[in-house]
Amino acid sequence: MMWQITDNKDWPALEQQFEWVRVMASVPQDARHHAEGNVAVHTQMVLEQLQQLPAYGELSPQEQEIMWAAALLHDVEKYSTTVHEPDGRITSAGHARKGEMRARQILYRDIPAPFHIRETIAKLVRYHGLPLWVFDKKDPQKAVIMASLEVNTRLLALLARADALGRICDDQADLLYRLDCFEELCRDNQCWGVPRAFANAEARMNYLLKDAVSPDYVPYEQPQTQVVMMSGLPGAGKDTYVQQHYKEWPVISLDDIRRAMKIAPTDKSGNGTVIQVAKEQAREYLRKGRSFVWNATNITRQMREQLSSLFFTYHAAVTIVYVEVPASRLLQQNSRREHIVPAAAMERLISKLEVPSLTEAHEVVYQVR
């Protein structure tokens, strides 16, 4: 069965069904870039333009639904990021990044979507502005290569074209020219509609972590130690996965350390101590060249990057194992745990969830049920 965000795509019906659609009409935009009006007007124009583009008609029905949902959600977080600047401008810095997380939250909990579809939409929302502004980046080549590891650049360009056409502005011709240049940049770097291929995982991580390195360079030295970093919401089944796949490996568990030290999860200073103890255990294993599992929630990229930085320092190969179950099952499993996470805390964690990607580790395993 084909997934749809909704079967009624009439705008009044969307406003009635979704609160996050209703608020769009109250969000202003800078007239220099969006003379058409507020976010609701712009989003409707984007949806209309998207469906008129020949490339959209060439997509499969499921891909069309994905693109339609991404267009509907692409500015979903402008309402929380829009600011009236002292000089009279209206800006919404950070709305794409917040929009990715909001889209994921909506499609995980409120309108359940299959994992691959949900993440495709979330990443389209996250990167929807990149095709228009990639040449303003410090390193445009690395920007498109990194993006290709998380999102289909061909679909991304299609969304960006609808976004550019679905507005009234003086520089529309320039925006469309930028999109053509984005496509050529992707083609030149072998990442148009496909992830940029690397010789091996170490070559990919070497390119992503260092400056002024060719994506074709292959490091001679390969990692000898392996670190498995678990990631997932509480109750998703991380402990079970470790028992099934890494039973013989040493495991550094923040929960176990916390309980042994009798530190409550709500004790922020105590949790800092727990992490330091865990990191010292990790250093011992890394110095000895011994592979191990780091078992904790690690639901944000910042959490994972702090750990990966330590592991990479010791030239370890990092595998992130992301474990997920449907929201309804997650709450059921949490209620059966010996150490239950309060409902309010679980909601906060869901709202912060950032799914790992190949830009973060040598390998990412998605254990999604």
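- The name recorded for the protein chain in an unreviewed UniProt entry is AAA family ATPase, from Chitinophaga fulva.

A few points about the domain arrangement of the protein chain
Phase 1: Here the protein chain is partitioned into domain 1 (11–189) and domain 2 (225–368).
Phase 2: Between the C-alpha centres of domain 1 and domain 2 there is a distance of 32 Å.
Phase 3: Contacts between the two partners involve 12 residues from domain 1 and, on the opposite side, 19 residues from domain 2.
Phase 4: Approximately 1,400 Å² of surface area, both sides summed, lies buried where domain 1 meets domain 2, with 61% of it carried by carbon and sulfur atoms.
Phase 5: Across the domain 1-domain 2 interface, the total number found is 3 salt bridges.
Phase 6: With a shortest N-O distance of 1.9 Å, Arg 109 and Glu 347 are connected by a salt bridge.
Phase 7: If you look at where domain 1 meets domain 2, you find 7 residue pairs in polar contact (both at pLDDT 80 or more).
Phase 8: Mapped by element, the contributors of at least two residues to the side of domain 1 that touches domain 2 are helix 7 (95–110) and helix 8 (115–127).
Phase 9: For the side of domain 1 that touches domain 2, the residue count by class is 5 nonpolar, 1 polar and 6 charged.

A look at unusual backbone geometry
Phase 1: With a phi close to 55 degrees, Gln 190 is a non-glycine residue in the positive phi region.
Phase 2: With respect to the helices and strands, Gln 190 occurs in the loop between helix 12 (172–188) and helix 13 (201–209).
Phase 3: Judged by its relative accessible area of 46%, Gln 190 is partly exposed.
Phase 4: One non-glycine residue, His 315, lies in positive phi territory at about 60 degrees.

So, the state of the cysteines
Phase 1: Tallied over the full model, the rule gives 0 disulfides.
Phase 2: With no disulfide of its own, Cys 169 has Cys 181 as its nearest cysteine by sulfur position, at a separation of 16 Å.
Phase 3: For the unlinked cysteine Cys 191, the closest cysteine sulfur is that of Cys 186, found at 4.4 Å.
Phase 4: Taking relative accessible area as the criterion, Cys 191 reaches 0% and is therefore assigned buried.

Some details on the UniProt feature "domain: HD" (unreviewed entry) in the protein chain
Phase 1: The sites that carry the UniProt feature "domain: HD" (unreviewed entry) are, in the present numbering, residues 42–165.
Phase 2: For residues 42–165, the end-to-end C-alpha separation is 10 Å, with 70% helix and 3% strand making up the annotated structure.

About the criteria used
Residues numbered from 1 in each chain as written. Predicted model: local features only at pLDDT ≥ 70, side-chain atom pairs only at ≥ 80, totals over all residues. Heavy atoms only, no water. Domains from an automatic or database assignment. Contact = heavy atoms within 4.5 Å. Buried area = accessible area lost by both parts, 1.4 Å probe. Salt bridge = Lys/Arg side-chain N within 4 Å of Asp/Glu carboxyl O. Polar contact = N/O pair within 3.5 Å; in protein donor to acceptor, adjacent residues only side chain to side chain. Helix = DSSP H or I, 4+ residues; strand = E, 2+ residues; numbered from the N terminus. Nonpolar A, V, L, I, M, F, W, Y, C, P; charged D, E, K, R; others polar. Buried < 20%, exposed > 50% of the residue type's maximum accessible area, 1.4 Å probe, protein only. Disulfide = S-S within 2.5 Å. UniProt positions renumbered as here; feature names shortened; annotations may be inferred.

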